[in-house]
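Structural characterization, general
Residues per chain are reported as follows:
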Amino acid sequence: MAADVEVTREIGATPDQLWAMVADLPRMPRWSPEHERTDWLGGATGPAPGAKFRGVNRNGSKTWKSGGEITECEPGRRLAFRVKAGPFSISEWSYTFEPTSHGCRVTEAWTDRRNGVMRVLSARVTGVADRMTHNRSGMEKTLERLAAAAAEQRAAAPRDPA
């Protein structure tokens, strides 16, 4: 399955560190410019295959909710989830983490799963007519913010006095 939009960035942190940051979905508003809140549902307290959550997003004065379900959960390697609005498929998102000599290559991918009617309705609900361009910009900002937060964590980590 090819993604409609894919953004990759090398970040100076380990795959495990970055995966833990992204997989903590209630912290996602810290990275994503459109995402406002995530709540785990049905007793879920963290990512696991089948875990469900509700997300709240904002674009200017427009806000909307959607439901999500974790589809893949491999710590340090991959996190993926599908998003629905009621019974209607909206999208699939994934984050892949690959170690590099300087840290980790993080790839965020988005696949549009909306049918024609949902594309028209979602443009009205979200205020975004060109979802591909909008998401690419948001994904670039998300990975930029993730890199900055990883750098903050490195700077705050205790140094070995050796």
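Anything mentioned here points back to the structure above.
Below, the structure is looked at part by part. Just so you know, the residues in each chain are numbered from 1, in the order the chain's sequence is written. It should be noted that, the model being predicted, local features are given only for residues of pLDDT at least 70 and side-chain atom pairs only at 80 or more, the latter also being counted only at that level, while totals for whole chains, interfaces and linings use all residues. Excluding hydrogens and water, the side-chain values take into account all heavy atoms of the structure.

Here an axis means a line fitted to C-alpha atoms, over the contact stretch when the element is a helix, while the angle between two N-to-C directions is reported on a 0 to 180 degree scale. Under the scheme used here, helices are H or I runs from DSSP no shorter than 4 residues and strands are E runs no shorter than 2 residues, and both carry numbers assigned from the N terminus. The contact between helix α1 (residues 15–23) and helix α3 (residues 131–156) brings their axes to 11 Å, and the two run at 120°. Classified by the angle their axes make, α1 and α3 are oblique. Between α1 and α3 lies a crossing of right-handed hand. Residues L18, M21 and V22 of α1 touch α3, and the partners they reach there are L146, A149, A150 and Q153. Note that Gly is not counted as nonpolar here; it falls among the polar residues with everything else outside the nonpolar set of Ala, Val, Leu, Ile, Met, Phe, Trp, Tyr, Cys and Pro and the charged set of Asp, Glu, Lys and Arg. Among the residues forming the contact of α1 with α3, the class breakdown is 6 nonpolar, 1 polar and no charged. Just so you know how the angles are binned, under 35 degrees is roughly parallel, over 145 roughly antiparallel, 65 to 115 roughly perpendicular, and the rest oblique. By definition, turning the near helix anticlockwise from the far helix through less than a right angle yields a left-handed crossing, and turning it clockwise yields a right-handed one. Throughout, a residue-residue contact means that at least one pair of heavy atoms, one from each residue, lies within 4.5 Å.

Strand pairing is defined by DSSP finding a minimum of two bridges between the two strands. The sheet contact formed by strand β5 (residues 78–85) and strand β6 (residues 88–100) spans 8 bridges and is antiparallel. Looking across to β6, one finds that R78 is bridged to T96. Where β6 meets strand β7 (residues 103–112), 10 bridges bridge the pair, whose relative direction is antiparallel. Counterpart to T96 in the pairing with β7 is T107. From the end of β6 to the start of β7, which pair antiparallel, there are 2 residues.

Two kinds of site are reported from a 1 Å grid over the protein atoms alone, namely cavities, where a 1.4 Å probe fits but cannot get out, and pockets, open sets with protein on both sides within 12 Å along at least five of seven lines, and residues are called lining when an atom falls within 4 Å of a point. Grid points are joined across faces, edges and corners, and a volume is the space filled by probe spheres set on the points. Estimates place the volume of the largest pocket at around 680 Å³. What lines the largest pocket is a set of 38 residues, and nearest its centre among them are E34, N57, W64, S66 and W93. Among the elements of the structure, β2 (35–41), β3 (52–59), β4 (62–74), β5, β6, β7, α2 (116–126) and α3 are those that each provide at least two residues to the lining of the largest pocket. Here the lining of the largest pocket takes 6 residues from α3, the largest share from any one element. For the lining of the largest pocket, the residue count by class is 17 nonpolar, 15 polar and 6 charged.

Next up on the list: the sheet that holds β2. Strand pairing in a sheet takes place through backbone hydrogen bonds and is either antiparallel or parallel in direction. The strand order β1-β7-β6-β5-β4-β3-β2 describes an open sheet built from 7 strands, whose pairing is antiparallel. Each edge of the sheet is formed by a strand with only one pairing partner; in this case those strands are β1 (5–11) and β2. Within the sheet, the average angular offset between the axes of one strand and its neighbour, ignoring direction, is 20°. By the bridge criterion, 7 bridges tie β1 to β7 in an arrangement that is antiparallel. Among the inter-strand pairings, R9 is bridged to a residue of β7, identified as V106. Lying on the sheet, α1 is in contact with β1, β2, β4, β5, β6 and β7; it crosses β6 at an angle near 160°. Against the sheet, α2 touches β3, β4, β5, β6 and β7, its axis set at about 120° to β4.

Position of S91 among the secondary structure elements: in strand β6. Relative accessibility under 20% of the residue-type maximum defines a buried residue, over 50% an exposed one, and the middle range a partly exposed one, all with a 1.4 Å probe and only protein chains included. Classification of S91 as buried rests on a relative accessible area of 4%. Within polar-contact distance, the side chain of S91 engages the side chain of W93 at 3.1 Å. The residues touching S91, leaving out its near neighbours within four places in the chain, are F81, R82, V83, W110, T111 and R113. For this analysis, a polar contact is any N or O atom pair within 3.5 Å, provided that within protein one partner can donate a hydrogen and the other can accept it, and provided that sequence-adjacent residues contribute only side-chain to side-chain pairs.

Our next topic: the pattern of salt bridges. The salt bridge definition used is simple: a Lys or Arg side-chain nitrogen within 4 Å of an Asp or Glu carboxyl oxygen. According to the stated counting rule, one finds 12 salt bridges in the structure shown. Note that R131 is salt-bridged to E34, the shortest N-O span being 3.0 Å. Remark: E34 occurs in the loop between α1 and β2 and R131 occurs in helix α3; sequence separation between them is 97 residues. Assigned by exposure class, R131 and E34 land together as buried.

Read these as layout, nothing more, since geometry by itself doesn't imply function.
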